[in-house]
Amino acid sequence: MEPIYDQNGRTVGWLKEDVIYDIDGTPRAFIREGAVFNYEGDYLGRLDRGFFRDKNRNAVAFMRGASGGPVPPVPEVAPVPPVPAIPPVPPVPPVPPVPPVPSLGWSNISWEEFLKGVF
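Residues numbered from 1 in each chain as written. Predicted model: local features only at pLDDT ≥ 70, side-chain atom pairs only at ≥ 80, totals over all residues. Heavy atoms only, no water.

> Would you explain the nonpolar core in this entry?
In summary, soluble globular proteins display a tendency toward joint burial of nonpolar side chains. By size, the foremost hydrophobic cluster in this structure holds 16 residues, and its most contacted members are Ile4, Ile20, Val36, Phe52, Trp111 and Phe114. For this core, the element with the highest residue contribution is helix α1 (residues 111-116), accounting for three residues. Filtering out sequence-adjacent residues up to four positions away, Ile4 remains in contact with Arg10, Thr11, Val12, Gly13, Trp14, Leu15, Ile20, Phe52, Ala61, Phe62, Met63 and Trp111. If you look at the next biggest cluster of nonpolar residues, it comprises eight residues, including Val19, Ala35, Phe37 and Tyr43. (Core = buried A, V, L, I, M, F, W, Y, C linked by side-chain atoms within 4.5 Å. Buried < 20%, exposed > 50% of the residue type's maximum accessible area, 1.4 Å probe, protein only. Helix = DSSP H or I, 4+ residues; strand = E, 2+ residues; numbered from the N terminus. Contact = heavy atoms within 4.5 Å.)

Structure, rendered in structure tokens:
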């Protein structure tokens, strides 16, 4: 599992294969061809070159080695990864919209708001 960091460098989740887990190992979202969806099938944004981006292509979170976005902070030392729960079978996701050009800025929404699709 690879840690996911917010714009302050705090560990906010984990990525294992194509599943996004929250900090305690609960599956929250999945990735298909770079598009991020929740388990209700809602399009949330994209994972692009290590940055999780909202629908406006502003960076919400990042992974180590991210490029092509805002300058990420030095991330904290990630905690020990949890034992992940078995993710549900993902629904057939809708076709995601054509994304705008990625921005070099951070989003105004939090990681939790991103995962809930509240933006």
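> Sorry, what's going on with the pairing of strand β3 (residues 19-22) here?
Regular strands have side chains that alternate between both faces of the sheet. Alternating positions in β3 separate into two faces, Val19 and Tyr21 on one and Ile20 and Asp22 on the other, with burial throughout. Between the end of strand β2 (residues 11-16) and the start of β3, which pair antiparallel, lie two residues, with Glu17 showing a positive phi angle near 60°. Pairing of β3 with strand β4 (residues 27-32) involves three bridges; the strand directions are antiparallel. Opposite Val19, over in β4, you have Phe30 as the bridge partner. The turn joining β3 and β4, which pair antiparallel and follow one another in sequence, is formed by four residues; a positive phi near 95° is taken by Gly25. (Pairing = 2+ DSSP bridges.)

> Got a minute to help me understand the packing of aromatic side chains in this structure?
Both the distance between ring centres and the angle between the ring planes are used here to describe each pair of aromatic rings. Counted according to the given criterion, the structure contains eight aromatic pairs. A ring pair is formed by Phe37 and Tyr43, whose centres lie 5.9 Å apart and whose planes are at 65°; its orientation type is edge-to-face. With respect to class, Phe37 is no different from Tyr43; both count as buried. Each residue in the set Tyr5, Phe51, Phe62 and Trp106 is aromatic and connected to the rest through ring pairs, giving one cluster. (Phe/Tyr/Trp six-rings, centres within 6.5 Å; stacked < 30°, edge-to-face > 60°.)

Honestly, that's just the spatial picture; any functional story needs more than this.
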